[in-house]
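Breakdown of the fold
One letter stands for each residue in the lines below.
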Amino acid sequence: MSGQTRKKIQKKMKIRGYGLRMDALDEILSFVNRFPDAEDEAIDLLLDQFEHESSLKSSIIDKESVNRVTSVLLQAEAAAEGDSGSASNHSAIRVIDAFLVPKFRYDSIKKHFYQHAGSLPIHGEASAKAALYRDRFLLLFQRVSRDQHFSRPSFDVVNSEFGSCEISTIQSLVGQTGRRWVMGVISQLEDGHFYLEDLAASVEIDLSKAKITTGFFTENTIVVAEGEMLVDGIFQVITCGFPPLEDRDQSLKLLAGYDFFGGGTLKKEDTLRLADLEKRAANDMFVILSDIWLDNEEVMGKLEVVLDGFESVEVVPSLFVFMGNFCSHPCNLSFHSFSSLRLQFGKLGQMIAAHPRLKEHSRFLFIPGPDDAGPSTVLPRCALPKYLTEELQKYIPNAIFSSNPCRIKFYTQEIVFFRQDLLYRMRRSCLIPPSREETDDPFEHLVATITHQSHLCPLPLTVQPIIWNYDHSLHLYPTPHAIVLADKSEQKAFKYTGITCFNPGSFSSDSTFVAYRPCTQEVEFSAL
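Rules used throughout
Within each chain, residue numbers correspond to sequence positions counted from 1 in written order. pLDDT decides what is reported in this predicted model: residues at 70 or higher carry local features, side-chain atom pairs at 80 or more are listed and counted, and totals for whole chains, interfaces and linings draw on all residues regardless. Computation of side-chain values: all heavy atoms of the structure, hydrogens and water removed. Lining residues are defined by having an atom within 4 Å of a point belonging to a cavity or pocket. Those points lie on a 1 Å grid over the protein atoms alone, cavities being sets where a 1.4 Å probe fits but cannot get out and pockets being open sets with protein on both sides within 12 Å along at least five of seven lines. Grid points are joined across faces, edges and corners, and a volume is the space filled by probe spheres set on the points. Only DSSP runs of H or I reaching four residues or more are called helices, and only runs of E reaching two or more are called strands; each is numbered from the N terminus. All residues other than Ala, Val, Leu, Ile, Met, Phe, Trp, Tyr, Cys, Pro, Asp, Glu, Lys and Arg, Gly among them, are scored as polar; the first ten of these are nonpolar and the last four charged. An automatic or database domain assignment is the source of the domain bounds shown. Whether two residues are in contact is decided by their heavy atoms: any pair within 4.5 Å suffices. Two parts placed together each lose some accessible area under a 1.4 Å probe, and the buried area is that loss summed for both. Salt bridge, as used here: a side-chain nitrogen of Lys or Arg that lies within 4 Å of a carboxyl oxygen of Asp or Glu. The definition of a polar contact used here is a pair of N or O atoms within 3.5 Å, where within protein one atom must be able to donate a hydrogen and the other to accept one, and adjacent residues in sequence count solely through side-chain atom pairs. Any residue under 20% of the maximum accessible area for its type is buried, any over 50% is exposed, and the rest in between are partly exposed; the area is computed with a 1.4 Å probe on protein chains only. At least two DSSP bridges between two strands are needed for those strands to be called paired. Helix axes are fitted only over the stretch in contact, all axes being lines through C-alpha atoms; the angle between N-to-C directions runs from 0 to 180 degrees.

Section: the layout of surface pockets
Here the second largest pocket defines a volume of roughly 700 Å³. Lining the second largest pocket are 28 residues, with Tyr106, Lys111, Phe141, Gln142 and Ser145 positioned closest to its centre. Those elements that provide at least two residues to the lining of the second largest pocket are β5 (112-115), α6 (126-144) and β6 (167-168). Sort the elements by how many residues they give to the lining of the second largest pocket and α6 lands first, with five residues. Here the lining of the second largest pocket is built from residues that sort into 16 nonpolar, seven polar and five charged.

Points about the domain arrangement of the protein chain
Interface size, as often reported, equals the accessible area lost upon joining of the parts. Along its sequence, the protein chain is carved into domain 1 (1-83) and domain 2 (248-420 + 464-527). Taken residue by residue, the interface counts 13 residues in domain 1 and nine residues in domain 2. Around 1000 Å² of area is buried between domain 1 and domain 2 when both sides are counted, 66% of it from carbon and sulfur atoms. Counting the contacts that link domain 1 with domain 2 gives zero salt bridges. Joining domain 1 to domain 2, the criterion identifies one residue pair in polar contact (both at pLDDT 80 or more). Elements represented by at least two residues in the side of domain 1 that touches domain 2 include exactly α3 (39-51) and α4 (63-84). If one sorts the elements of the side of domain 1 that touches domain 2 by residue count, α3 sits on top with five residues.

Here we look at the pairing of strand β9 (residues 202-206)
A one-sided burial pattern is seen for β9, the buried positions being Val203 and Ile205 and the unburied ones Ser202, Glu204 and Asp206. Relative to β9, strand β8 (residues 193-197) runs antiparallel, the two being bridged by three bridges. Bridging from a neighbouring strand, Tyr195 pairs with Glu204 of β9. A loop of four residues connects β8 with β9, the two strands running antiparallel in sequence. Inspection of the sheet shows β9 paired to strand β12 (residues 235-241) by two bridges, in the parallel sense. Along β12, the bridge assignment pairs Asp206 with Gln236.

Concerning the sheet that holds strand β21 (residues 499-503)
Backbone hydrogen bonds hold the strands of a sheet together, and the pairing may be parallel or antiparallel. Taken together, six strands build an open sheet; the order of strands is β3-β17-β18-β19-β21-β20 and the sheet is mixed. Strands with a single pairing partner mark the edges of an open sheet, and in this sheet they are β3 (93-97) and β20 (492-496). Shown here is a sheet whose adjacent strand axes are inclined to one another by a mean of 20°, direction ignored. Along the sheet, helix α14 (residues 442-453) contacts β19 (482-486), β20 and β21; its crossing angle with β20, the most-contacted strand, is approximately 45°.

So this is what it looks like as structure tokens:
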């Protein structure tokens, strides 16, 4: 491994016009080895510092010059770490509300992303609905166009026995014979008739003989399909799958400088420092509970047992995530007990305040559920109303009330939290039974669907309405490190292509919850 790193250092130094003595190379290698997860950033940072170094007399770097530069960088890191002090845990956790996530759009002509400027009204114009579908399609299309299996070859090459996998437009299918690959969104333009649509055209499809990949194929999902046109103008699908995933690191290289996740972009020095601090925060833990019915005495008793247990551990959790629903009855138009729910939030605040170590050292995040109080059931959902949470905040002033979904940045880790009974609804909306070839676990099918679609909720808007102008807050691109899919179904965890996905279970129904260690992406199932 050190041999590869040596070559990398020498190559980068040569590009910048520097030569290296052997002892200087060893010195740089020892500095870079301090940051095994951020070697490239460490080398670039060192080179940037060399360019600001006025005492360099030659382009041939010696050991003394390296020592001088590395000592400056390490002192700066130590000073920054000292400044953070005891509050480092609190500053390491940044909660990003869905309504504050930056919006980016893909320009298919210039082939790059640009940030949307201007306001985003909640009640968008009709054009915003069309833009929602276009943005989803282009996000996946630019990803597919880079995939080696679907990208157009630079030179004419002899096709394999399977033919070319180049994506054809739906418009070009007219009058064509033979198999073609197309990409589009599954739509029901007429009752009982399903179509595949891209940006320019649509074609009726027959999925009866299609061989499919893992996932839930519902109306509104974007698919890559192989098939051929029949005489009656219907596209007979032979193979159907979701657009291939792109590695997170590859996405980040292409999107350098863009803040898709929210929380701001970081300089190389800050990324390097956070990566180092993250390694030292191996004991940090998030405790995640879903369905905490405050109006149920048995549930509140179980919650007190959980808090008592964590109060007595050596290192208390950095963060408690309480996800809805917070009431055993849906807070709809027939619900008239808001004043009592407000008092129950106050009792929860008292319960937390009775645990001094947790109150002082832990943070508490509240995310509303699908049946909690709010303006509507549309996604994303805004934070719990202030009227309900005022009593709790008297006891826990630093409690955080965020949207559903919401995002957390923990040092360099990116985590998405979503509370929705998604599994049941996705299964109900399936157009064809899921493939059992790779797995028959519904949770694994769900994870495959949302990650390949790069979207938390790819259901039809008639099944789950979404605020048109804020659909981007449900995007999963670039892929985060972890996705918490809180659901009333049983506890599950599944690591898929490096993404840790889990459901903490329903605390009120099953007394289950999860302890998650973000630094190691370790999921610990817990139950009372």
